[in-house]
Amino acid sequence: ALNDNDPAAAEKQYRAALALRPASAEALDGLAGALQRERQPAFAVPLYRSAVRANPASAEGWRGLMLAQAAAGNAAEALATDRQIPSAVQAELMRDPSYLRGMASVYSALGRGLDAEKTLRAALQLPFPPQAGKLKTGMQVQLAGLLLAGNQLPQAAALYSQGLALDQVNTAVG
């Protein structure tokens, strides 16, 4: 149901799965993901916590937990979670542009602009699949905003221009 872009139906299915197998890491992670898509990150956080307790090697669970904490406005908690991730999983997440973008947002929320900039620059160096154009454009705009706030105007302007060039669908004049 999540693949069909119906998070409400997915939530119902995952709740039914949890009724049958309450400790299922997959069902916990799935329900948390459905709640995230329904823009209910505060409700997703405890489910992700349970999912990573059940399966500490799950990059998906740790990614979801950190992103849900950040989306719920708990940047300090999200940073603490990042520090608790097992090293093998952390290595995998450091190659995940979506995770790195979330960490950059966490750093920004905590007033750590240089860490946010460094994280976004690292993420932008990663290979992006063709369907991830919007993610890359969003990260460039996020980084440009940090540079602008730091009065690095030429670099910010260059990134804004690159973002506009990548996202021609949204900049086309009809």
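This one's a predicted model, so the numbers in the text were calculated from it and none came from an experiment.

Parameters and conventions
- The residue numbering used here restarts from 1 in each chain and proceeds along that chain's sequence as written.
- Whole-chain, interface and lining totals are the exception, using all residues; otherwise, since this is a predicted model, local features are given only for residues with pLDDT of at least 70 and side-chain atom pairs are given and counted only at 80 or more.
- Note that the side-chain values use all heavy atoms of the structure and ignore hydrogens as well as water.
- Angles here are taken between N-to-C directions and fall from 0 to 180 degrees, while the axes themselves are lines fitted to C-alpha atoms, restricted in helices to the stretch in contact.
- Each helix corresponds to a stretch of at least 4 residues labelled H or I by DSSP, and each strand to a stretch of at least 2 residues labelled E; elements are numbered beginning at the N terminus.
- Geometric relationships in this document are graded by angle, where less than 35 degrees denotes roughly parallel, more than 145 denotes roughly antiparallel, 65 to 115 denotes roughly perpendicular, and other angles denote oblique.
- Left-handed is the label given to a crossing in which the near helix is rotated counterclockwise from the far helix by less than a right angle, and right-handed is the label when the rotation is clockwise.
- Residue contacts are defined here by distance: any two heavy atoms, one from each residue, within 4.5 Å place the two residues in contact.
- For this scheme, ten residues count as nonpolar: Ala, Val, Leu, Ile, Met, Phe, Trp, Tyr, Cys and Pro. Four count as charged, namely Asp, Glu, Lys and Arg, and the remainder, Gly too, count as polar.
- Here, a salt bridge means any Lys or Arg side-chain nitrogen found within 4 Å of an Asp or Glu carboxyl oxygen.
- Under the scheme applied here, a residue whose accessible area is under 20% of the maximum for its type counts as buried, over 50% as exposed, and between as partly exposed, the area being computed with a 1.4 Å probe on protein chains only.

K.L.:
Which parts of the structure should I look at to understand the packing of helix H5 (residues 75–84) against helix H7 (residues 97–109)?
P.N.:
When two helices pack together, their arrangement is given by the angle between their axes and by how far apart the axes lie. It is at 9 Å that the axes of H5 and H7 come closest, and there the two elements cross at 130°. Comparing the axis directions of H5 and H7 gives the class oblique. Both H5 and H7 take part in a crossing whose hand is left-handed. Contact residues: Ala75, Ala78, Leu79 and Asp82 in H5; Tyr99, Met103, Val106, Tyr107 and Ala109 in H7. In terms of residue class, the contact of H5 with H7 is made up of eight nonpolar, no polar and one charged.

K.L.:
When you look at the pattern of salt bridges in this model, what are you seeing that I'm missing?
P.N.:
Opposite charge on two side chains makes pairing possible when the charged atoms of those side chains draw close. What the rule picks out here adds up to four salt bridges. Aspartate 96 is the partner of arginine 63 in a salt bridge, and the nearest nitrogen-oxygen pair spans 2.4 Å. Of this pair, arginine 63 sits in helix H4 (residues 59–71) while aspartate 96 sits in the loop between helix H6 (87–93) and H7, placing them 33 residues apart in sequence. Notably, a salt bridge pairs glutamate 117 with arginine 121, separated by 3.2 Å at the nearest N-O pair. Residue glutamate 117 and its partner arginine 121 are located together in helix H8 (residues 113–124), separated by four residues, close to a single helical turn. According to the relative accessible area criterion, glutamate 117 is buried, its value standing at 13%. Judged by its relative accessible area of 37%, arginine 121 is partly exposed.

K.L.:
What's the story with the environment of serine 161 in this structure? I'm lost.
P.N.:
Among the structural elements, serine 161 can be located in helix H10 (residues 153–166). With relative accessibility at 46%, the residue serine 161 sits in the partly exposed group. C-alpha of serine 161 to C-alpha of valine 141: the two residues are 20 residues apart in sequence and 9.3 Å apart in space.

K.L.:
Help me out: how do you make sense of the packing of H4 against H7 in this one?
P.N.:
With their axes 10 Å apart at the nearest point, H4 and H7 run at an angle of 30° to one another. Looking at the two axes, H4 sits roughly parallel to H7. The handedness of the crossing between H4 and H7 is left-handed. Here Trp62, Arg63, Met66, Leu67 and Ala70 of H4 lie close against H7, whose contacting residues are Ser98, Tyr99, Gly102, Met103 and Val106. Residues of the contact of H4 with H7, tallied by class, amount to seven nonpolar, two polar and one charged.

K.L.:
Before we go on, may I ask you to explain unusual backbone geometry in this structure?
P.N.:
The phi angle at arginine 39 is positive, at roughly 60°, despite the residue not being glycine. You can see arginine 39 is positioned in the loop between helix H2 (25–37) and helix H3 (41–54).

K.L.:
Looking at this model, I keep getting lost on the environment of alanine 51. Mind explaining?
P.N.:
Tracing the backbone shows alanine 51 in helix H3. Relative accessible area serves as the criterion here: at 3%, alanine 51 is assigned to the buried category. Taking C-alpha positions, alanine 51 is 8.1 Å from alanine 23, a pair spaced 28 residues apart along the chain. Not counting residues up to four positions away in its chain, the partners in contact with alanine 51 are Ala25, Leu28 and Asp29.

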